[in-house]
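Fold and geometry: a report
This is what each chain is made of:
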Amino acid sequence: MTSTEEQPAGPYGYSGAKQAYLRRLKRAEGQVRGIARMVEEDKYCIDILTQMAAVNKALHAVSIGLLEDHIAHCVVNAANESTETGNPEIVSEKVSEATAAISRLLRS
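Report follows, based on the coordinates. Keep in mind it's a predicted model, so treat the numbers as computed, not measured.

Reading the values: the criteria
- Counting starts from 1 at the beginning of each chain's written sequence and moves along it residue by residue.
- Note on the predicted model: pLDDT of at least 70 is required for a residue's local features to be given, and 80 or more for side-chain atom pairs to be given and counted; whole-chain, interface and lining totals, by contrast, use all residues.
- The side-chain numbers reported here are obtained from all heavy atoms of the structure, hydrogens and water having been left aside.
- Put simply, DSSP H or I for four residues or longer makes a helix, DSSP E for two residues or longer makes a strand, and each gets a number counted from the N terminus.
- We take the radius of gyration over the C-alpha atoms and set the globule estimate at 2.2 Å times the residue count to the 0.38 power.
- When a residue's accessible area, from a 1.4 Å probe over protein chains only, is under 20% of the maximum for its type it is buried; when over 50% it is exposed; and in between it is partly exposed.
- Note on contacts: a residue pair qualifies if any of its non-hydrogen atoms lie within 4.5 Å across the two residues.
- Convention adopted: a line fitted to C-alpha atoms gives each axis, helices being fitted over their contacting stretch, and angles between N-to-C directions are expressed from 0 to 180 degrees.
- To sort the angles, those under 35 degrees are grouped as roughly parallel, those over 145 as roughly antiparallel, those from 65 to 115 as roughly perpendicular, and the leftovers as oblique.
- By convention the crossing between two helices is left-handed if the near helix lies anticlockwise of the far one by an angle smaller than a right angle, and right-handed if it lies clockwise.
- Here the term charged refers only to Asp, Glu, Lys and Arg, the term nonpolar to Ala, Val, Leu, Ile, Met, Phe, Trp, Tyr, Cys and Pro, and the term polar to all other amino acids, Gly among them.
- Residues qualify for a patch when their relative accessible area is over 30% and they have no salt bridge, like charges being joined within 9 Å and the nonpolar side chains of Val, Leu, Ile, Met, Phe, Trp and Tyr within 5 Å.
- To be clear on the numbers: accessible area is Shrake-Rupley with a 1.4 Å probe, and residue cover counts the displayed protein chains and nothing else.
- Definition used for salt bridges: Asp or Glu carboxyl oxygen within 4 Å of a side-chain nitrogen of Lys or Arg.
- Multiplying one less than the number of residues by 1.5 Å gives the expected span of a helix.
- Polar contacts, as counted here, are pairs of nitrogen or oxygen atoms within 3.5 Å of one another; within protein the pair requires one atom able to donate a hydrogen and one able to accept it, and residues that are adjacent in sequence qualify only if both atoms are side-chain atoms.

**Topic: the overall build of the protein**
Helix and strand counts for the protein come out as three helices and zero strands. Helices and strands appear in the protein in the N-to-C order α-α-α. Its C-alpha radius of gyration of 18 Å places the protein more than 25% over the 13 Å reference for a compact globule of 108 residues. The principal-axis extents of the C-alpha atoms in the protein amount to approximately 60 × 25 × 20 Å. Of all 108 residues assigned to the protein, the portion counted as buried reaches 19%. Look at the contacts in the protein between residues 6 or more apart in sequence, and 54% of them connect residues 24 or more apart.

**Quick notes on the packing of helix H2 (residues 45-85) against helix H3 (residues 88-107)**
As a packed pair, H2 and H3 sit with axes 7 Å apart at the nearest point and diverge in direction by 165 degrees. Comparing the axis directions of H2 and H3 gives the class roughly antiparallel. By crossing handedness, the relation of H2 to H3 is classed as left-handed. Side by side, H2 and H3 meet where Ser 63, Leu 67, His 70, Ile 71, Cys 74, Val 75, Ala 78, Ala 79, Glu 81, Ser 82 and Thr 85 of the first sit next to Pro 88, Ile 90, Val 91, Lys 94, Val 95, Glu 97, Ala 98, Ala 101, Ile 102 and Leu 105 of the second. Within the contact of H2 with H3, the residues separate by chemical class into 14 nonpolar, four polar and three charged.

**Details of the side chain of Ser 82**
Considering the arrangement of structural elements, one finds Ser 82 in helix H2. Since its relative accessible area comes to 10%, Ser 82 is described here as buried. Sequence-distant contacts of Ser 82, defined by excluding residues within four places in its chain, comprise Asn 87, Pro 88, Ile 90 and Val 91.

**Observations regarding a nonpolar patch on the surface**
On the surface, Tyr 44, Ile 46, Leu 49 and Met 52 cluster together into a nonpolar patch covering about 410 Å² of accessible area. Looking at the element boundaries, Tyr 44 is found in the loop between helix H1 (18-40) and H2.

**Quick notes on the pattern of salt bridges**
Scanning the entire structure with this criterion turns up three salt bridges. The closest approach of N and O atoms between Arg 33 and Glu 29, which form a salt bridge, is 3.5 Å. Taken together, the positions of Arg 33 and Glu 29, both in helix H1 and four residues apart, correspond to about one turn of that helix. Since its relative accessible area comes to 45%, Glu 29 is described here as partly exposed. Lys 94 is the salt-bridge partner of Glu 97, the closest N and O atoms lying 3.5 Å from each other. Of this pair, Glu 97 and Lys 94 are both found in helix H3, three residues apart, which corresponds to roughly one turn of the helix.

**Quick look at H3**
Under the 1.5 Å per step criterion, the end-to-end length of H3 is 29 Å for 20 residues, consistent within 8% with the ideal 28 Å. Looking at the buried residues of H3, the elements they touch are H2. With a side-chain oxygen lying 3.0 Å from the backbone nitrogen of Glu 89, the N-terminal cap of H3 falls on Asn 87.

Put into structure tokens, the structure is as follows:
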């Protein structure tokens, strides 16, 4: 299933940490606005790059957390369902999704 196809409704593995993820993302959003302001104000390039690294680290932490939640919830549930139904494609699909997500994270 691709990201453009309809995904099943939640709850997803990240549901328990949703508020924490939203706080981190809003903090990163504020940092990005601050970086834009720094560029507008012609701040020193190294200072801007330092802030860019901080935003990247924050987003990376959210990405890793979401990936961990996906594996712990979606992949594990698919493995259980696969065992119950005898259909190995169920878990294979979720593992492929996780592998593709890891690949995208490594390329970024």
